[in-house]
Amino acid sequence: MRLRLPERLSFVDLILWGLRVAIVVFVLVGSYATLSQGVLGFDGWRTLLIVGVAQGSIYALIALGYTLVYGVLFMINFAHGEVFMAGVFTAFFAATALADSGILNGNPLFGLAIIFAVSMVTSMVVAVILERVAYRPLRRAPRLVPLITAIGASLFLQYTFRSLYGSGVRSYPTIEILTGTFDIAGVPIQKTQVVVIVSAILLMVGLYFFVQRTRTGRAMRAVSEDKDVAAMMGINVDRVISTTFAIGGLLAGAAGILYVFLFNSVSFSMGFLPGIKAFTAAVLGGIGNIVGAMLGGLFLGVLESIGPFLFLDGLGVPSTNQLRDVVAFTLLVLVLIFRPYGILGRKE
Amino acid sequence: MQKQLRWTAIFAVMLLALAACTNTGGTSQSASGSAAASTSASADTGDDPEAVCAADEFGCVEVADGDPIVLGTALVITTADADLGQDSQYGAHVAGDLRNEEGGVRGHMIEWDDQDDQCSAEGGTTAARALVADPQIAAVIGTSCSGAGVPAAQITSEAGVTMVSPSNTAPSLTDPATHEPFYARTAHNDKVQGAAMAQFACEELGVTRAATVHDGSPYAEQLQQVFADEFVAQCGGTITGQEAVAPTDTDFRTLLTTIAAGDPELIYYPIFTAGGALMTQQARETAGLEDVELAGADGMQSQTFLTTAGAAGDGVYTSGPDLAFENELYQDVFLPAYYELCGCDATLSVFHAHAFDAANIVLDAIDEVALEGDDGTLYIPRTALRDAVFATSDYEGVTGTLTCDENGDCADPKISVSLIGNGAYERIWPED
């Protein structure tokens, strides 16, 4: 972040500078107070960090769906949280069947592969249908129209899945190879967290190379630059947009299963909050920017996990955990004030 | 002359009408007095229903000859906590069915209008508004969750509809300062439950350091506060922290890590099914909490909690109403009817008996205060119905001997603590 002092400070600049200083002071004082009390030892902070990274990598995977779609269509697909829910909720039935037949724990890799496949394919199909039915007919409409459609589609999907699968919370069967801890350099870490972080990194690296190195990836980048010129160059824009939604869906489906590794339960409304958080992460990183979405997700996850306790506990604020969302969304507002295009976003 | 006569006639008619007005006012005043005195003795000995209804501040529910008496329920029948509400709903319906088998109440069958309180303030508001909008609803059994009960009690009380809850336990609902006049409950007050859990923690578990977590609902917030106060008062225990989460939270790992830093021996989190199950699982994985006892309350006593928490649930203590009843009505009549109605072979949650008692108290009160008109219409005066419910005294119900106090606490509160083992609740305390 580059800050250059303007030659003459206007009133607004003055307020913004005051705000910046106030925030830095607040964060420093709060952190110092918390750390000096020494409530959490080194192990405690490390646990919080790992929790945050695991949670953040799930945000990042979902955020990629927002960012990819924004990249090609310049619209926010608010139904993406429901795409995430659709896959993992459907895969619940596959998982239960596999667990009942003994395959899940008898041949766990095969079982997990099927669960991932079901979730990813379902999310992909939902995302592609969503684009075809709800967004494509409105592509030439004013920008607010697809936004409202997206919100409508989000509610439609939520309540469709509610009537399909019921309103209750379902619990995934226990996957035995994922219980317990790994010892990594003498530090015990939950196996689920390791798997979540590693899988998320692999998926993100895979996506990066897909977008940078393949023909389809190049077509996506071309469409993102300019749809009309891309069409003149012989690129089938509709197909590229469908592919973008499909990839976003696949990532969301995978994120769903990783989410279940951490939280175990699914319900029809589970997509809403992760969806909003991932959207925040995408904006934080610079919407439309793939690396930005990854960074934004990780940053948000870690900040949510460590921030409230680090900044507020030392100041005597009780039960800081419930202020997690306050911290997260305050951050979003601040980033938008000081860096409207996000961490890695570019000016347009 | 003729004109003058006409004016006189009009004047006379007006005078008469005026006199009639004051007269009706007078008679209805006395009628209401006599109604209050005589309805309990004999309901159909010549009281004029129209006069009684006119005198009742909220009027009467009028049930035409041959029509059913309609009761409402406002219970949580969707979401993760659906077990809690469906359990109560079956309990209430069984009470209605048993009456219907015997010919109903005063010759009228009992029917139900079932609304969903969604275990939230919004759901409670919607359900209560829907029910009070229907003039045929004689009384309401609800709500399931105290959070829904707070607005629902206000709405029903403003409309003069008596509401009896089978499972609201938050102390504030029957606190004299905040009690709504038409609200009563057959569930225990959490002043009793919180104290019982504190006693269990001190005496049976022998713990001296405890942390509490609530989800911001009136139920959880007040219950953990009672527990915290009693835990300090009863055995000089230390509360290492009182934390809060949101009902929709899924990630408790950071919270649990900070709780572990306070080094508690017990975590008491009397929240609901979804959050409770997640917190149980994550507590089992959190470093530093390996030897910590976990305890919750009746919001976590449901079949869904057992399946959702899975193996992590084993070893969790939950307090709740003591269902070790020693009466034949429960074992031989109620339970078979309940199982048949729900098509299950285990009760879903723990407040079905309270719902059964609540419905019976309401139906008895209707039987007591209803008046029959000449055309066979049944008139149920609303205020009199409320008074009859609140006058319940030494009522032998399934859950014990029930007596309502002026703030609507009707329960015969008995609390037991269960330990989850092998995916089932096992009652372990008190021993008797």
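Residues numbered from 1 in each chain as written. Chains lettered and ligands numbered in written order. Predicted model: local features only at pLDDT ≥ 70, side-chain atom pairs only at ≥ 80, totals over all residues. Heavy atoms only, no water.

Caption draft 1: Summary view of the overall build of chain A. Assigned secondary structure in chain A consists of 13 helices and four strands. Taken over C-alpha atoms, the radius of gyration comes to 21 Å for chain A, in line with the 20 Å a tight globule of 348 residues would show. Judged by the C-alpha coordinates and their principal axes, chain A covers about 55 × 55 × 40 Å. Within chain A, the proportion of its 348 residues that are buried is 51%. When contacts within chain A are restricted to residue pairs at least 6 apart in sequence, those whose partners lie at least 24 apart make up 76%. Charged side chains in chain A number 24 positive and 16 negative. The centres of these two groups are separated by 8 Å. (Helix = DSSP H or I, 4+ residues; strand = E, 2+ residues; numbered from the N terminus. Rg over C-alpha atoms; globule rule 2.2 N^0.38 Å. Buried < 20%, exposed > 50% of the residue type's maximum accessible area, 1.4 Å probe, protein only. Contact = heavy atoms within 4.5 Å. Lys, Arg positive; Asp, Glu negative; His and termini not counted. Charge placed at Lys NZ, Arg CZ, Asp CG, Glu CD.)

Caption draft 2: Focus on the layout of surface pockets. All names here are of chain A. Quantified by volume, the second largest pocket comes out at close to 760 Å³. Forming the walls of the second largest pocket are 23 residues, and the residues nearest its centre are I23, V27, T330, L331 and L334. At the level of elements, α1 (11-37), α12 (290-312) and α13 (324-338) are the ones that each hand at least two residues to the lining of the second largest pocket. The greatest single-element share of the lining of the second largest pocket, amounting to seven residues, is contributed by α13. Tallied by class, the residues present in the lining of the second largest pocket amount to 20 nonpolar, one polar and two charged. (1 Å grid on protein atoms, 1.4 Å probe; cavity = no way out; pocket = protein on both sides within 12 Å on 5 of 7 lines; lining within 4 Å. Points joined across faces, edges and corners; volume = space filled by probe spheres on them. Nonpolar A, V, L, I, M, F, W, Y, C, P; charged D, E, K, R; others polar.)

Caption draft 3: The arrangement of the pairing of strand β3 (residues 110-116) of chain B in detail. Residue and element names in this part refer to chain B. Two elements, strand β2 (residues 69-75) and β3, share seven bridges in a ladder whose sense is parallel. Bridged to G72 within β3 is D113. You can see the chain leave β2, run along helix α3 (residues 82-101) and come back into β3, and the turn it takes is right-handed. (Pairing = 2+ DSSP bridges. Right-handed = clockwise from strand over helix to strand, strands pointing away.)

Caption draft 4: Inspection of the interface of chain A and chain B at higher detail. With 27 residues of chain A at the contact, the number on the chain B side is 25 residues. Summing the contributions of chain A and of chain B, the shared interface buries around 2200 Å²; its carbon and sulfur component is 54%. Salt-bridge contacts for D249 of chain B lead to R324 of chain A; the nearest nitrogen and oxygen are separated by 3.6 Å. The interface formed by chain A and chain B includes eight residue pairs in polar contact (both at pLDDT 80 or more). (Buried area = accessible area lost by both parts, 1.4 Å probe. Salt bridge = Lys/Arg side-chain N within 4 Å of Asp/Glu carboxyl O. Polar contact = N/O pair within 3.5 Å; in protein donor to acceptor, adjacent residues only side chain to side chain.)

Caption draft 5: Molecular detail of the sheet that holds β2 of chain B. All names here are of chain B. The strand order across the open sheet built from five strands is β3-β2-β4-β5-β6, with neighbouring strands paired in parallel fashion. Strands with a single pairing partner mark the edges of an open sheet, and in this sheet they are β3 and β6 (183-185). Sheet twist, expressed as the mean angle between neighbouring strand axes with direction ignored, is 25 degrees. Pairing analysis gives three bridges linking strand β5 (residues 162-165) to β6, with the strands arranged parallel. Pairing of S165 across the sheet is with R185, part of β6. Against the sheet, helix α12 (residues 352-369) contacts β2, β3, β4 (137-142) and β5, and its axis sits at roughly 160 degrees relative to β4. Contacting β4, β5 and β6, helix α13 (residues 382-390) crosses the sheet at an angle of about 30 degrees to β5. (Axes fitted to C-alpha atoms, helices over the stretch in contact; angles between N-to-C directions.)

Caption draft 6: Representation of a nonpolar patch on the surface. Residues and elements named next belong to chain A. A grouping of I201, V205, Y208, F209, V291, L295, F299, I343 and L344 is seen on the molecular surface, where their side chains present a nonpolar patch of about 710 Å² in accessible area. Of all the secondary-structure elements, those providing two or more residues to the nonpolar patch are α7 (191-213) and α12. Among the elements that make up the nonpolar patch, the one with the highest residue count is α7 (four residues). Note that V205 resides in helix α7. According to the relative accessible area criterion, V205 is partly exposed, its value standing at 41%. (Patch = residues over 30% accessible without salt bridge, like charges linked within 9 Å, V, L, I, M, F, W, Y side chains within 5 Å. Areas by Shrake-Rupley, 256 points an atom, 1.4 Å probe, with all protein chains shown as cover.)

Caption draft 7: Just a negative patch on the surface, in detail. All names here are of chain B. On the surface, a cluster of negative charge is contributed by D48, E50, E62, D65, D67, E111, D374 and D375. Along the chain, the position of D65 falls in the loop between β1 (60-63) and β2. The class for D65 is exposed, based on a relative accessible area of 55%.

Caption draft 8: Expanded view of the sheet that holds strand β12 (residues 371-372) of chain B. All names here are of chain B. An order of β1-β13-β12 is seen for the three strands of this open sheet, with the pairing classed as antiparallel. Strands with a single pairing partner mark the edges of an open sheet, and in this sheet they are β1 and β12. For β1 and strand β13 (residues 378-381), the ladder comprises four bridges, and the chain directions are antiparallel. Within β13, the residue paired with V61 across the bridge is I380. Its contacts with the sheet place α13 against β1 and β13, and it is angled at close to 65 degrees to β13.

Caption draft 9: Main features of unusual backbone geometry. Residues and elements named next belong to chain B. Between G142 and T143 the backbone carries a cis peptide bond, its omega angle lying at 0 degrees. By the element assignment, T143 lies in the loop between β4 and α5 (146-159). Along the chain, W429 connects to P430 via a cis peptide bond; the corresponding omega equals 0 degrees. One non-glycine residue, Q118, adopts positive backbone phi at about 55 degrees. With respect to the helices and strands, Q118 occurs in the loop between β3 and α4 (121-132). Take Q118: its relative accessible area is 41%, and that puts it in the partly exposed class. The backbone of C119 shows a phi angle near 55 degrees, a positive value even though the residue is not glycine.

Caption draft 10: Layout of the confidence of the model for chain B. Overall, the prediction assigns chain B a mean pLDDT of 88, with 89% of residues at 70 or greater. Counted against residues more than four places away or in other chains, residues 18-45 of chain B, with its pLDDT under 50, gives 18 contacts. (pLDDT = per-residue confidence, 0-100.)

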